[in-house]
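Now for the letters of each chain:
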Amino acid sequence: MSLGFRISGRIGKPVAEVFDAVVNPTKLSGYFTTIGGASAPLVAGTTVTWWKTVPVEVDEVTKDKRIVLRWDATDAEGKPAYKTRIEMNFEPLDDGGTFVTIAESGWREGEIGLKKSYLNCEGWSQMLACMKAYLEYGINLRDGYYRAEMKGEPANETNI
């Protein structure tokens, strides 16, 4: 068995606009990958880089519906040990908004896996809140949010 989580929320914009805010590197960099950016659009079969140092493998992109990614999970020494799987689903709502669900799974059981899954749950929850503020109100909530980012460094598990 592996550890995982699921978060979700409503964004008050049409599904095409919300989906584009994730696959488009310029938009993603406006609210999530703000330091270092995103190297390229999310296209199935490619690897992009977020925050200049984090490789993100793009497994699936179904326009306006679903994105599946994989990235490194680290061991106790902070070295890549295996991959976790991120699944994002975009559901159009009757009111013109979009319900976004983000799930990440695949951490190994144990104290280290649990701790790292909690950190990523925090990160994805914060990403969804930042996306809502960015798309609905044009506000970048992530600017200066973490201690590291106040110094111009991408946030990670050792400096937030």
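These figures come from a predicted structure and were not determined experimentally.

Definitions and cut-offs
- Per-chain numbering applies: the sequence of each chain, read as written, is numbered from 1 onward.
- Local features are withheld for residues below a pLDDT of 70 in this predicted model, meaning they are given only at 70 or higher, and side-chain atom pairs are given and counted only at 80 or more; totals for whole chains, interfaces and linings count all residues.
- Only heavy atoms go into the side-chain values, all of them from the structure, while hydrogens and water stay out.
- In this description, a nonpolar core means a group of buried Ala, Val, Leu, Ile, Met, Phe, Trp, Tyr and Cys residues linked to one another through side-chain atoms lying within 4.5 Å.
- Remark: exposure states derive from per-residue accessible area (1.4 Å probe, protein chains only) relative to the maximum for the residue type, with buried under 20%, exposed over 50%, and partly exposed in between.
- Strands are runs of DSSP state E lasting at least two residues, helices are runs of H or I lasting at least four, and both sets are numbered from the N terminus onward.
- Only heavy atoms matter for contacts: two residues are in contact if any of them lie within 4.5 Å across the pair.
- Each Phe, Tyr or Trp ring, with Trp reduced to its six-membered ring, pairs with another whose centre is within 6.5 Å; inter-plane angles below 30 degrees give stacked pairs, above 60 give edge-to-face pairs, and intermediate values give tilted ones.

Chemist: Looking at this structure, how should I read the nonpolar core?
Modeler: Where a protein is soluble and globular, its nonpolar side chains tend to be buried together. If you look at the biggest cluster of nonpolar residues, it comprises 37 residues, and the most contacted ones within it are Trp50, Met88, Trp124, Met127 and Met131. Of all elements in the fold, only strand 1 (2–11), helix 1 (15–23), strand 2 (47–50), strand 3 (54–62), strand 4 (66–74), strand 5 (80–92), strand 6 (98–108) and helix 3 (111–137) reach the threshold of two or more residues within this core. Not counting chain neighbours up to four residues away, the residues in contact with tryptophan 124 comprise Phe5, Ile7, Phe32, Trp50, Trp71, Ile86, Met88, Ile102 and Glu104.

Chemist: Is there a simple way to think about the packing of aromatic side chains in this case?
Modeler: Centre-to-centre distance and the angle between the planes together describe a pair of aromatic rings. Within this structure, the stated rule accounts for 11 aromatic pairs. Between the aromatic rings of phenylalanine 32 and tryptophan 50, the centroid separation amounts to 5.8 Å while the plane-to-plane angle is 85°, which identifies the pairing as edge-to-face. Of this pair, phenylalanine 32 sits in the loop between helix 2 (25–28) and strand 2 while tryptophan 50 is found in strand 2, placing the two residues 18 residues apart along the sequence. Residue phenylalanine 32 shares its accessibility class with tryptophan 50, and that shared class is buried. Ring centres of tryptophan 50 and tryptophan 124 lie 6.4 Å apart, and the angle between their planes is 70°; this geometry places the pair in the edge-to-face category. With tryptophan 50 in strand 2 and tryptophan 124 in helix 3, this residue pair connects regions lying 74 residues apart in the sequence. For the pair shown, tryptophan 50 and tryptophan 124 are each scored as buried. Ring pairs connect the aromatic residues Phe32, Trp50, Trp51, Trp71 and Trp124, which therefore count as one cluster.

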